[in-house]
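# Results of the structural survey
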Amino acid sequence: MADVSLKEAALIVGVVAACYWNSLFCGFVFDDVSAILDNKDLHPSTPLKNLFQNDFWGTPMSEERSHKSYRPLTVLTFRLNYLFSELNAVSYHFLNLVFHVVVCVVFLKVCKLFLDNRSSVVASLLFAVHPIHTEAVTGVVGRAELLSSIFFLAAFLSYTKSKGPDNTIVWTPIAVTVFLVAVATLCKEQGITVVGICCVYEVFVAQGYTLPVLLDTAVQILRGKGSIPFSMLQTLLKLIVLMFSTLLLVVVRVQVIQSQLPVFTRFDNPAAVSPSPARQLTFNYLLPVNAWLLLNPSELCCDWTMGTIPLVESLLDVRNVATLTFFCFLGSLIVFSLRYPGDSSKTVLMALCLIVLPFIPASNLFFPVGFVVAERVLYVPSMGFCILVAHGWKKLSNKSVLRKISWVCLAAVLFTHALKTLHRNWDWESEYTLFMSALKVNKNNAKLWNNVGHALENEKNFERALQFFIQATQVQPDDIGAHMNVGRTYKNLNKTKEAEESYMIAKSLMPQIIPGKKYAARVAPNHLNVYINLANLIRANESRLEEADQLYRQAISMRPDFKQAYISRGELLLKMNKPLKAKEAYLRALELDRTNADLWYNLAIVYIELKDPTEALKNFNQALELNPTHKLALFNSALLMQESGDARLRPEAKQRLLHYVKEEPQDANGYFNLGMLAMDDKKDMEAEAWMKKAIRLQPNFRSALFNLALLYSQTAKELMALPILEDLLRYYPDHTKGLILKGDILMNQKKDIVGAKMCFEKILELDPNNVQGKHNLCVVYFEERDFIKAEKCLVETLALAPHEEYIQRHLNIVRSKIASLGAVEQSSLPADGTATAATEEKKNSFQNLKEVKNEQKTTQTTVDNNKGHSKNKKRTEKNNMDKETPKKSTKEIKDIEKKRVAALKRLEEIERILNGE
């Protein structure tokens, strides 16, 4: 067996690099989205065992919606990519390129078993540049083909060493072969077909038998005129070992998929559900279609499903000529390779084996698959094609007359193929470029129109997306998914009437429930989302909530394991104020999937509605255990800890909020709540920094502006609070608490009675029954020495709040002042000492009024918070007690404090309601 030289390897590396360098600039497209971006099995937080329990797309193999494609080793390489570069597409494409180089080099080594050195290099170069491979190499999910091919070829090379001197059996290479077959199969299912190639190699190449010899031997044995030769017995033993190991692998594979084939629809593979003879004629016609793609890869398409290739429904269809021609050509090659001895026939036979056997799983001949044609499944069959071409080129180049033209043709083929591959790679740059290139080849595939629409939808270009979705419905009027896409896009364009009409069309295309028949066997599970989408649309109308619930229940009745229906219904039941039923829905969904962090989060919200914060926190924690970066669980569990008032939970709440702002650095709410925690811990400077950061991100952040102003007022920085309050009132002119705080600062700190009066009058314009605003306006009248107006104001205030003691007390003070002033006016002018005493009395009376006012303000001032979260911050001021007022006892002070706390708790509840604005 000839080895690959360093020059040959370098040549292959250079050619592959020249053809595929631009693949490094491509992103994740088409199936990459499901296999990479949406696949949680790539995340380090997911247990490794999940890779061996889930399919290629991250869906548990036990679920009926699973694709049943079991490729854990391929997913493991994706996970390694994620570990080193997360979702940086360059690393994924680079590793694919490296694997393609490895396949080409190993393939060169295989070619040298059947071709001369020069022809082997030609076959390897043709394989390296063939445009049909762009889907396998440039598409990241094509790595399954690449990895499987490496172990596929390695297994075959290992088996070729199983023949020892004197035709003895060497068992070690056979054991290695069985192991490598298993590994290849764990990369992709077609890896197991290498066993068939090994069997053909053993019989017709290693042992040198031809079909006539085998038939003659069999006839002699059956007639009893001879016995089985020893060499043939050895061959049978090796084949039995290979076949037994293959059978074992098949049994294990069937157990893995739990004896269930994946569910496909007529849209994925129309011929699979067609009646005879259309099914057989179409499947047979697909064979020459695939052969033509190998021979002339000029028009390549990423998706050949739906109406790409019309059904061959009659024997009179002209396409049957292509089928007949293909089978005649294939049959002649098989006869030549099996009937005649010699190296040429062996080369042709092995090339045919590489073409036919690996293609069988994708041929639809034995079981239906989820596609009509898929270019990436031709990756291994193209090896046999390249060997055939190289072998034919060798025959031509050995003839002197055709030598030059054969070299020219070879150079032209390699150059044009390389150029086509380089150009084709750019199609995989984005989903839009990929599907638009596909539409140039085929306009009869509704899925392509849908996919272009999805690409535009992802760019928020809904108007253009709608055009492509509508075109999809015209190409395939019974495509449920297309009508769903139209409905969703209309919804995004706020055209709810048109959206509902489209969803209703999609719903009408759904098959009716047949008692006793499994629904999932007749329609794709994702089509059931039409019920979810329609229900989500109409539940925006409060009068149609019951109708929406009926749709959810209909989806569940069709498919009792439809997890999303339970989740959506739980959300609706919460909206309908039925938390107990919502809890039942979420618990049922958790029975289906206990590893879904969103479900645990939703259940936590239900427990909050049920006033059970302990259980809510437990469910938040469960969600974070499954997904430590679950943003909503981080944020809301931190708020729950904060609202509990338990100082022991504050450090954990802070850590969760810090984690949240790391995940969502542009969300001002995270910084705001960190500021609130710092205020709780009396860390004023830290609180100020967090509040300022929240305001920088969201200058009109109502709660942050007010609480920063309040923080300044609590820390004797009232004048710094004024510009913050100006900003707050510019954005929210009707912010009552902001007006109260501003008026208080203007009156107490800046002695701006006019400005304070304007603030309190503004409050009464907004709410004439606002007790606090009206009372503070009364104080302004007192400051203005308009005692009659102050008395009238306090009488009106007392009528609004007859049980408030401090208002009656202030009214008595004002009346006393009016009475004393009346007595003074009736007497003669007092001496200077008397006047001074009267002035002092007035001052003390007013100080008493201000002190009680401040006491009342302290009771009513609460922190404004937007997430349903509120905290109370008391202001401490030095108040001069009226000398004539008796000193309060300790018991009286405690009673007042208790009343304040009770009032604050009531105001917290009011604040939570107000914050829902």
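Treat the numbers as computed from the prediction; the structure is a model and nothing was measured. (Residues numbered from 1 in each chain as written. Predicted model: local features only at pLDDT ≥ 70, side-chain atom pairs only at ≥ 80, totals over all residues. Heavy atoms only, no water.)

Right, let's talk about the overall build of the protein chain for a bit. Scanning the protein chain from N- to C-terminus turns up 40 helices and zero strands. Relative to its 917 residues, the protein chain shows a buried fraction of 51%. Here the analysis covers contacts within the protein chain between residues at least 6 apart in sequence; of these, 66% occur between residues at least 24 apart. For the protein chain, the exposed area adds up to about 42900 Å²; of that, 60% sits on carbon and sulfur atoms. (Helix = DSSP H or I, 4+ residues; strand = E, 2+ residues; numbered from the N terminus. Buried < 20%, exposed > 50% of the residue type's maximum accessible area, 1.4 Å probe, protein only. Contact = heavy atoms within 4.5 Å. Areas by Shrake-Rupley, 256 points an atom, 1.4 Å probe, with all protein chains shown as cover.)

Let's shift gears to the pattern of salt bridges. Following the criterion strictly, the structure yields 37 salt bridges and no others. For the salt bridge of Lys 109 with Asp 3, the shortest nitrogen-to-oxygen distance reads 2.8 Å. Taken together, the positions of Lys 109 in helix H4 (residues 89-111) and Asp 3 in the segment before helix H1 (6-20) put the pair 106 residues apart, joining distant regions of the chain. Where Glu 686 meets Lys 654, a salt bridge forms, and the shortest distance between an N and an O atom there is 3.0 Å. Residue Glu 686 is located in helix H31 (residues 684-697), and its partner Lys 654 is located in helix H29 (residues 650-663); the two are separated by 32 residues in the primary sequence. (Salt bridge = Lys/Arg side-chain N within 4 Å of Asp/Glu carboxyl O.)

Take Ser 120: it is sitting in helix H5 (residues 117-129). When its relative accessible area of 0% is taken as the criterion, Ser 120 is described as buried. A polar contact is formed between the side chain of Ser 120 and the backbone oxygen of Leu 115, at a distance of 3.5 Å. (Polar contact = N/O pair within 3.5 Å; in protein donor to acceptor, adjacent residues only side chain to side chain.)

On to the state of the cysteines, then. Under the criterion given, the structure shown has one disulfide. Residue Cys 778 pairs covalently with Cys 793 via a disulfide, S to S 2.0 Å. Across the disulfide from Cys 778 to Cys 793, rotation about the S-S bond amounts to roughly -80 degrees, and the bridge is consequently left-handed. Residue Cys 778 is found in helix H36 (residues 771-783), and its partner Cys 793 is found in helix H37 (residues 787-800); the two are separated by 15 residues along the sequence. Cys 793 gets classed as buried once you look at its relative accessible area, which sits at 5%. Summary of cysteine pairing: Cys 301 is not part of a disulfide, and the nearest cysteine sulfur, belonging to Cys 302, is at 5.1 Å. Residue Cys 301 is classed as buried on the basis of its relative accessible area of 0%. (Disulfide = S-S within 2.5 Å.)

Below, the discussion takes up the nonpolar core. Of all hydrophobic cores here, the largest spans 162 residues; its most connected members are Cys 302, Ile 309, Val 373 and Tyr 531. The contact partners of Ile 309, leaving out residues within four places of it in the chain, are Tyr 285, Leu 286, Val 289, Trp 304, Arg 319, Val 372 and Val 373. Membership of the second largest hydrophobic core comes to 71 residues, among which are Leu 115, Val 129, Leu 157 and Ala 390. (Core = buried A, V, L, I, M, F, W, Y, C linked by side-chain atoms within 4.5 Å.)

On to helix H34 (residues 736-748), then. Because an α-helix completes one turn every 3.6 residues, residues spaced three or four positions apart along the sequence face the same direction. When the terminal C-alpha atoms of H34 are compared, their 18 Å separation across 13 residues agrees well with the 18 Å that a helix rising 1.5 Å per residue should span. Counting buried residues along H34, twelve of its 13 residues qualify, which places the element largely inside the surrounding structure. Every buried residue belonging to H34 is among Lys 737, Gly 738, Leu 739, Ile 740, Leu 741, Lys 742, Gly 743, Asp 744, Ile 745, Leu 746, Met 747 and Asn 748, and all of these are buried. (Expected span 1.5 Å × (residues − 1).)

Quick look at the packing of helix H23 (residues 545-558) against helix H24 (residues 563-575) now. Close contact between H23 and H24 brings their axes to 9 Å; oriented N to C, the two are set at 160 degrees. When the axis of H23 is compared with that of H24, the two are roughly antiparallel. Note on packing geometry: the crossing formed by H23 with H24 is left-handed. Residues Leu 545, Ala 548, Asp 549, Tyr 552, Arg 553, Ala 555 and Ile 556 of H23 form the contact with H24, whose own contacting residues are Ala 565, Tyr 566, Ser 568, Arg 569, Leu 572 and Lys 575. Of the residues that constitute the contact of H23 with H24, the class distribution is eight nonpolar, one polar and four charged. (Axes fitted to C-alpha atoms, helices over the stretch in contact; angles between N-to-C directions. Parallel < 35°, antiparallel > 145°, perpendicular 65-115°, else oblique. Left-handed = near helix turned anticlockwise from the far one by under 90°. Nonpolar A, V, L, I, M, F, W, Y, C, P; charged D, E, K, R; others polar.)

So, on to the packing of aromatic side chains. This model, assessed by the stated rule, comprises 22 aromatic pairs. Taking 6.4 Å as the distance between ring centres and 75 degrees as the angle between the ring planes, the aromatic pair formed by Phe 114 and Tyr 201 counts as edge-to-face. Taken together, the residues span a long stretch of sequence, with Phe 114 in the loop between H4 and H5 and Tyr 201 in helix H9 (residues 194-206) at a distance of 87 residues. In this pair, the class of Phe 114 matches that of Tyr 201, namely buried. (Phe/Tyr/Trp six-rings, centres within 6.5 Å; stacked < 30°, edge-to-face > 60°.)

This brings us to the environment of Phe 359. Relative to the elements of secondary structure, Phe 359 occurs in the loop between helix H14 (343-356) and helix H15 (381-397). With a relative accessible area of 11%, Phe 359 lands in the buried category. In this structure the C-alpha to C-alpha distance between Phe 359 and Asn 290, which are 69 residues apart in sequence, comes to 9.9 Å. Filtering out sequence-adjacent residues up to four positions away, Phe 359 remains in contact with Leu 287, Asn 290, Val 377, Leu 378 and Pro 381.

Okay, unusual backbone geometry next. Excluding glycine, most residues fall at negative phi; most peptide bonds, likewise, are trans. Omega for the peptide link from Ser 276 to Pro 277 comes to 0 degrees, which places this bond in the cis form. Within the fold, Pro 277 resides in the loop between helix H11 (230-256) and helix H12 (278-295). At Asn 494, a position not held by glycine, the phi torsion is positive, near 60 degrees. Counting through the fold element by element, Asn 494 comes out in the loop between helix H20 (480-492) and helix H21 (496-508). In this structure Asn 494 comes out as exposed when scored by relative accessible area, which is 66%. In the Ramachandran plot, Arg 785 falls in the positive-phi region, its phi being about 65 degrees despite a non-glycine side chain. As for its placement among the helices and strands, Arg 785 is situated in the loop between H36 and H37. Look at Arg 785 and you get partly exposed, because its relative accessible area is 45%.

Predicted confidence across the protein chain gives a mean pLDDT of 84, with 87% of residues reaching 70 or more. A low-confidence stretch, residues 827-917 stays under pLDDT 50, and its non-local contacts, those more than four residues away or across chains, total 142 contacts. (pLDDT = per-residue confidence, 0-100.)

Moving on, we get to a nonpolar patch on the surface. Nonpolar side chains collect at one region of the surface, where Ile 221, Ile 228, Phe 230, Leu 233, Leu 236 and Ile 240 lie side by side and expose about 530 Å² of accessible area between them. For the nonpolar patch, the element with the highest residue contribution is H11, accounting for four residues. Along the chain, Ile 240 falls in helix H11. (Patch = residues over 30% accessible without salt bridge, like charges linked within 9 Å, V, L, I, M, F, W, Y side chains within 5 Å.)

Let's shift gears to the packing of helix H17 (residues 431-441) against helix H18 (residues 446-458). A pair of packed helices can be characterised by two numbers: the angle between their axes and the separation between those axes. Axis separation between H17 and H18 bottoms out at 9 Å; the angle between their running directions is 155 degrees. Taken together, the axes of H17 and H18 are roughly antiparallel relative to one another. The two elements H17 and H18 meet at a crossing, and its hand is left-handed. Contacts between H17 and H18 involve Glu 431, Tyr 432, Phe 435, Met 436, Ala 438 and Leu 439 from the first element and Leu 448, Trp 449, Asn 451, Val 452, Ala 455, Leu 456 and Asn 458 from the second. Class assignment of the residues belonging to the contact of H17 with H18 gives a composition of ten nonpolar, two polar and one charged.

So, about the environment of Asn 117. Structurally, the position occupied by Asn 117 is in helix H5. Its relative accessible area of 40% is what places Asn 117 among the partly exposed residues. Spatially, the C-alpha atoms of Asn 117 and Val 4 are 9.4 Å apart, while their sequence positions differ by 113 residues. The contact partners of Asn 117, leaving out residues within four places of it in the chain, are Glu 8 and Lys 112.

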